[in-house]
Amino acid sequence: MDLADSPEEAAFRAGLRHWLARTLPTLPPPPSPADWPGRRAHDLGWQRTLYEAGYARVQWDAPPGVRLIFLEETERAGAPYVGANFVGLLHAGPTIAAEGTEAQRARWLPPVLRGEEVWCQGFSEPGAGSDLAALRTRAHRDGDHYVVNGAKIWTSHAEVADWCELLVRTDPDAPRHRGITWLALAMDTPGVTVRPLRTLAGSTEFAEVFLDDVRVPVAHRVGAENDGWRVTMVTLSFERGTAFAGEVVACRRVLGDLADEARRTGRWDDPALRRRLGALHAEFRALWRLAQWNASATADTARATGGVLGAARGVPGAAGGVPGAAGSLFKLRYSQARQDLYDAAAEVLGDAALDLDRPWVADRLASLAYTIAAGTSQIQRDIVGERLLGLPKGR
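Below: a short report on this structure.

What counts and what doesn't
Residues numbered from 1 in each chain as written. Predicted model: local features only at pLDDT ≥ 70, side-chain atom pairs only at ≥ 80, totals over all residues. Heavy atoms only, no water. Helix = DSSP H or I, 4+ residues; strand = E, 2+ residues; numbered from the N terminus. Buried < 20%, exposed > 50% of the residue type's maximum accessible area, 1.4 Å probe, protein only. Contact = heavy atoms within 4.5 Å. Areas by Shrake-Rupley, 256 points an atom, 1.4 Å probe, with all protein chains shown as cover. Salt bridge = Lys/Arg side-chain N within 4 Å of Asp/Glu carboxyl O. Core = buried A, V, L, I, M, F, W, Y, C linked by side-chain atoms within 4.5 Å. Phe/Tyr/Trp six-rings, centres within 6.5 Å; stacked < 30°, edge-to-face > 60°. Lys NZ or Arg CZ within 6 Å of the ring centre and 35° of its normal. Lys, Arg positive; Asp, Glu negative; His and termini not counted. Polar contact = N/O pair within 3.5 Å; in protein donor to acceptor, adjacent residues only side chain to side chain. Pairing = 2+ DSSP bridges.

1. As for the overall build of the protein
Secondary structure assignment for the protein yields 12 helices and eight strands. Counting only residues that meet the buried cut, the protein has 50% of its 395 residues in that class. Long-range contacts, defined here as pairs at least 24 residues apart, represent 73% of the contacts in the protein between residues at least 6 apart. Carbon and sulfur atoms make up 53% of the accessible area of the protein, which amounts to about 18,200 Å² in all.

In structure tokens, the structure reads:
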């Protein structure tokens, strides 16, 4: 893998930098973290800005080098994060591109790209988080609809979402990893109740979702009935393999800010702290290289198989592929590195690390969730051991 920019990539990088320098100063200030309707409008407004400038499809359609340049440059410039659009852009959308019908792609993918609709994820349940195959939300077929009953938890952005990628059990007698179906649920369907959950840091980006006799059209099923576990693995491959890549650049920016703060407060004189920050600098550089390698390997696989996502010409995702098990290696190490970064931030802040109004403090609390989100670190170790190292399966 050649890590240097090609002439085409260099031209893309230069053009993007120029556009960001011209555009970012014109954006409105971000709303309060507690204002979720305002945050939705802000995040979708940024997506529309990207769409109108021709950058919206980059994460789905562009070659891997261009996609990573886009993530790198937007993070370095301090551009808005995808925010409420996270699920739609980074894993529901790519999953539909990979597994959906032509009609489903036409219905759901353009509104995500244009910044018109928000998705949330209805996977985890009170008794089925890390052990996702234990899910109990039931759906039975009634003519052209599924009737769904159950509950989901840790549903990101549910209170402002239009659609939900929903896992249901359609065959309760099948083995645990079978009998599961992937549905697209309209969040305004009668019988859907959303109850926000407040985190330790005071935010409410998660929610419980209760489903009481909710009717979902069979036409909203992605993949075959009872084949939802396989489709879910596609979703999780995107979530683990590519969704966190841009955050590595953000962490590198935070690391630079920490070094500046340490110099300002005199803590830079501590050689142990300097070594710690230096080790983190190397860690995040290595993670970025791993992200580049994963993206390149995914593209190579897509080319060898004729394009994993490109089942129809011109659909978003046609230039990409489904990330492999190496995404679990990336996610495993990134989760720990992020926690290490914000532990170092607490050391730089000293007593101020107890003040939620100070920079990085809420981020430190949120970093604890990264060893759980998108599959726990224990699950990632199993995947790495079994699929990359060829070790025997655990019990």
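2. So, the pattern of salt bridges
Counting across every chain of the model gives 25 salt bridges. We note a salt bridge from Arg13 to Glu73, for which the minimum N-O separation is 2.6 Å. Taken together, the residues Arg13 in helix α1 (residues 7-23) and Glu73 in helix α4 (residues 64-76) connect sequence positions 60 residues apart. For the pair formed by Arg13 and Glu73, the shared burial category is buried. The salt bridge partner of Asp162 is Arg40, with a shortest N-O separation of 3.0 Å. Separated by 122 residues along the polypeptide, Asp162 in the loop between β3 (145-152) and β4 (163-169) and Arg40 in helix α2 (residues 36-53) bring together distant segments of the chain. Residues participating in the shared-partner salt-bridge network are Asp5, Arg13, Arg17, Glu72, Glu73 and Arg76.

3. As for unusual backbone geometry
The backbone of His157 shows a phi angle near 65°, a positive value even though the residue is not glycine. Among the secondary structure elements, His157 is positioned in the loop between β3 and β4. Although it is not a glycine, Asn226 sits at a positive phi angle of roughly 70°. Mapped onto the fold, Asn226 is located in the loop between β8 (221-222) and α7 (228-241). With relative accessibility at 28%, the residue Asn226 sits in the partly exposed group.

4. A closer look at the nonpolar core
Core analysis: the biggest nonpolar cluster contains 75 residues, and Trp119, Phe284, Tyr334 and Leu341 have the highest contact counts within it. The element contributing the most residues to this core is helix α10 (residues 326-349), with 10 residues. In this view, Phe284 contacts Val248, Cys251, Arg252, Tyr334, Ala337, Arg338 and Leu341; residues no more than four positions away in its chain are not counted. Core analysis: the second largest hydrophobic core is formed by 24 residues, Leu44, Cys120, Leu185 and Ala207 among them.

5. Digging into the packing of aromatic side chains
Applying the stated criterion across every chain, the model contains 10 aromatic pairs. The interplanar angle of 45° and the centroid separation of 6.4 Å between the aromatic rings of Tyr81 and Phe86 together place this pair among those described as tilted. Judged by its relative accessible area of 14%, Phe86 is buried. Ring centres of Trp108 and Trp163 lie 5.4 Å apart, and the angle between their planes is 70°; this geometry places the pair in the edge-to-face category. Of this pair, Trp108 sits in helix α6 (residues 102-113) while Trp163 sits in strand β4, placing them 55 residues apart in sequence. Trp163 gets classed as buried once you look at its relative accessible area, which sits at 8%. An aromatic cluster of three or more residues is present, and its members are Phe12, Trp19, Trp46, Tyr55 and Phe70. Directly above the ring of Trp36 sits Arg39, whose terminal nitrogen or CZ lies 3.9 Å from the centroid. Over the ring of Trp268 we find Arg263, and its NZ or CZ is 4.2 Å from the ring centre.

6. A look at the side chain of Arg169
Structurally, the position occupied by Arg169 is in strand β4. For Arg169, which is buried and forms no salt bridge, the nearest opposite charge comes from Asp171, at a distance of 7.5 Å. At a separation of 2.6 Å, a polar atom in the side chain of Arg169 contacts the main-chain carbonyl oxygen of Ala133. What Arg169 contacts, discounting residues up to four positions off in sequence, is Ala133, Leu135, Thr137, Arg138, Ala139, Pro175, Arg176, Arg178, Gly179 and Ile180.

7. Comments concerning the pairing of strand β5 (residues 180-186)
Most of β5 is tucked away: seven of the seven residues are buried. The alternating pattern of β5 places Ile180, Trp182, Ala184 and Ala186 and Thr181, Leu183 and Leu185 on opposite faces, both of which are buried. Sheet topology places β4 next to β5; seven bridges connect them, and they run antiparallel. Within the sheet, the bridge partner assigned to Cys164 lies in β5 and is Leu185. As judged from the two bridges shared by β5 and β8, these two strands associate in the antiparallel manner.

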